[in-house]
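Structural description and commentary
Residue strings, one per chain:
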Amino acid sequence: MSSIAVTPAPGPRTPARPRGRATGLRRREALAGYGFLSPWIIGFGVFMAGPMIASFVLSLTDYDVLTSPDYVGWSNYQDLLADPKVRMSLANTLVFAMLQVPLTMMAALGLASLLARVGRRSAGFFRTLFYLPVVTPKVAVGVLFLLLFNGQVGLINSALEWIGIDGPQWTTDASWVKPGLVTMSLWSVGGTVVIYLAALKNVPSELYEAAAIDGASAWQQFRNVTLPMISGALFFTFIVLTIAALQVFDEAYTAFYGSRAAASYSSDAALFYLIYLFQQAFQFLHMGYASAMAWLLFVVIVIITIIQVRVSRRFVYYEGE
Amino acid sequence: MSSVQTMTAAPNPTTAAPPRGPAPGRSRRPLSRIAFWVILLGASVIFLYPFLWLVSASLKPRPEVFDNLLVPRRYAPGNYVEVWQAAPVLDWLVNSVTVSLAAAVTVTVSSSLVAFGFAHFRFPGRNVLFGLVLGTMMLPAAVTMIPVYLIWNGAGLATTQVPLWAGNLFGSAFYIFLLRQFFLGLPRELFEAARVDGASYWTMFWRIAVPLCKPALIVTFVFEIQASWSDLMRPLIYLRDPELFTLPRGLKAIVDQFGQGGEAEWEIVLAGSVITTLPMIILFFILQRYFVEGIATQGRKG
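Here the structure is a predicted model, which is why all the values come from computation and not from measurement. (Residues numbered from 1 in each chain as written. Chains lettered and ligands numbered in written order. Predicted model: local features only at pLDDT ≥ 70, side-chain atom pairs only at ≥ 80, totals over all residues. Heavy atoms only, no water.)

**Points about the overall build of chain B**
Tallying secondary structure elements over chain B gives 15 helices and zero strands in all. Counting only residues that meet the buried cut, chain B has 51% of its 302 residues in that class. Put simply, 69% of the contacts in chain B that link residues at least 6 apart link residues at least 24 apart. As displayed, chain B offers around 13,300 Å² of accessible surface, 66% of which is attributable to carbon and sulfur atoms. (Helix = DSSP H or I, 4+ residues; strand = E, 2+ residues; numbered from the N terminus. Buried < 20%, exposed > 50% of the residue type's maximum accessible area, 1.4 Å probe, protein only. Contact = heavy atoms within 4.5 Å. Areas by Shrake-Rupley, 256 points an atom, 1.4 Å probe, with all protein chains shown as cover.)

Pasting the structure below:
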């Protein structure tokens, strides 16, 4: 502890020090700091900032990698606003996100509330169980989707039949493909469960005791104690899950795209934005058009995130504010 | 950091006081207790069943794949031999292991260096740069995907495995954020004392910060192993030669060749799925503490 007093940190507020030595030390520290940062600074330039500029420039060209790019102005952007497949893939993606994000949050909160009520040992056990699907590669999840949700012989419809429901053709009926994919994605809810469980464990139990003394019902306690106290975690996952859902790719691509036979399988009900972007870029080699698509996606994500932040701000409670 | 510490540390004494967990859930009525356990066990079955179904179906002969029985009537372990013969699965396994190890090692080393730079040093522009790090987390990969491909193409490496991990040499925003939190939590006196003893900045990093933050480094390593192992998009973009495929890319090829696009030889696809998934399940069982810790930390930033 005493060592602090011997060598005060060379921060901006050490006016009493002789100037020469202090600035020398400060410069040395700054140089070392930049040194440690250098991998990121180089990487940011080469793999982030540079490509962002390049991507924007490319979006103003027609480029197929083989021949040099042709400058076409804003026409890629005009084309993509008129492209019915862009519109459809964007709509598919938004529908998927609007179903998947709230359902994921509700399922995760339900499961986390259950886990918060059992003893530590069993909570650990169930948490492990719920988390297993998260480490399962999404390609395998896509395979499982095709088989478990198969309309004729899949496990889901067999189970539904068992309770007297005639299940839909999840993998071929265009209006059931997205609900099916959403349901499958709920299997990977475990990451969100872990986040909510950590948040629930941080709610001081005195608050519940006080609420119980005031005669609050279980629902009132949940509504007025639990929800506000975990609103930070809810907000965080709301944003992160939405950004992830808008970039859904692996499962749907595995199940419906890539092979010729599968191409018309789902009548493009699973053509999500990133899948169409990937096709444009790396199958049709429309690099300029795909770059414009990427920027449109970025703008959509930024707008949605801003709306979410605005709307959520009123509901989020931060400790110490 | 202080907020993270108080948030994690503060509730412990309070939750430890009552015998087991908070009061509201521990209903004393036996009926709701039974309902509670029925729901929890039901949920567990839903989470576990697809794995059991997968493993079981991968061991069934083709006509019985969809019989949905948990225990196969007839065992067909030959499915695994068949997938082994139909595709270079061993190559894919080796590729997946080497690529994900390369990705995890590089990202752990680079991100810890950068995180230490942000946590320990004062220099002009630090907060702006850290803001940029966080900002890059928002940027969809699609925006930089095409120019980055063109860079690797220009370097003559576009059809190799290098692009799958080499970007990790420069650190990754989420891990930089995570590790910075841990480095900030180390008592500053440690470093001041080392400085008095004449230690270099490198010594402070390597001999003090790194050993004390080993759990966070393992979290980073494990997360990246998993992320890299599961990646489909980049192998789809870069890998052309089937012998260079990673397991997920290979599994996608198997789906296209034998499943969806082929003659519905799903037993081969299922065996491939088990081979792709099993290493991650094993890794998770060995290191689950670190998985859970990493996820929980992510949420706590609030």
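**Observations regarding the interface of chain B and chain A**
Tallying the contact residues gives 102 residues for chain B and 103 residues for chain A. Taken together, both faces of the contact between chain B and chain A bury some 9,400 Å²; the carbon and sulfur share is 78%. The largest per-residue losses of area from chain B upon contact with chain A belong to Phe-47, Phe-170 and Gln-260 of chain B, which jointly make up 8% of the total buried on that side. Counting across the interface, chain B meets chain A through eleven residue pairs in polar contact (both at pLDDT 80 or more). Of the residues forming the side of chain B that touches chain A, the biggest block, 17 residues, is contributed by helix α15 (residues 266-300) of chain B. (Buried area = accessible area lost by both parts, 1.4 Å probe. Polar contact = N/O pair within 3.5 Å; in protein donor to acceptor, adjacent residues only side chain to side chain.)

**Describing the packing of aromatic side chains**
All chains considered together, the criterion is met by 47 aromatic pairs over all chains. Between Phe-36 of chain A and Phe-116 of chain B, the aromatic rings sit 5.2 Å apart at their centres with planes inclined by 65°, giving edge-to-face as the arrangement. Highlighted residues: Phe-36 of chain A in helix α2 (residues 19-58) and Phe-116 of chain B in helix α5 (residues 89-120), drawn from two different chains. Each of the two residues, Phe-36 of chain A as well as Phe-116 of chain B, counts as buried. (Phe/Tyr/Trp six-rings, centres within 6.5 Å; stacked < 30°, edge-to-face > 60°.)

**Concerning the environment of Val-107 of chain B**
Residue and element names in this part refer to chain B. Relative to the helices and strands, Val-107 is located in helix α5. Owing to a relative accessible area of 0%, Val-107 belongs among the buried residues under this scheme. C-alpha separation for the pair Val-107 and Tyr-175, spaced 68 residues apart in sequence, amounts to 8.1 Å.

**Focus: the pattern of salt bridges**
It is possible for side chains of opposite charge to pair when their charged atoms get near one another. Here the structure, examined in full by the defined rule, presents eleven salt bridges over all chains. For Asp-268 of chain A, the salt bridge identified is with Lys-85 of chain A, shortest N-O distance 3.6 Å. Taken as a pair, Asp-268 of chain A in the loop between α14 (260-263) and α15 (273-283) and Lys-85 of chain A in helix α4 (residues 84-116) lie far apart in primary sequence, 183 residues in all. Assessed through its relative accessible area of 32%, Lys-85 of chain A is described here as partly exposed. Taking the shortest distance from any N to any O, the salt bridge between Asp-256 of chain B and Lys-252 of chain B comes out at 2.8 Å. With Asp-256 of chain B and Lys-252 of chain B both in helix α14 (residues 247-258) and four residues apart, the pair spans about one turn of that helix. Of the two residues, Asp-256 of chain B and Lys-252 of chain B, neither departs from the other in class, the shared state being buried. Members of the salt-bridge network, linked through shared partners, are Lys-60, Asp-67 and Arg-73 of chain B. (Salt bridge = Lys/Arg side-chain N within 4 Å of Asp/Glu carboxyl O.)

These figures capture arrangement, not role.
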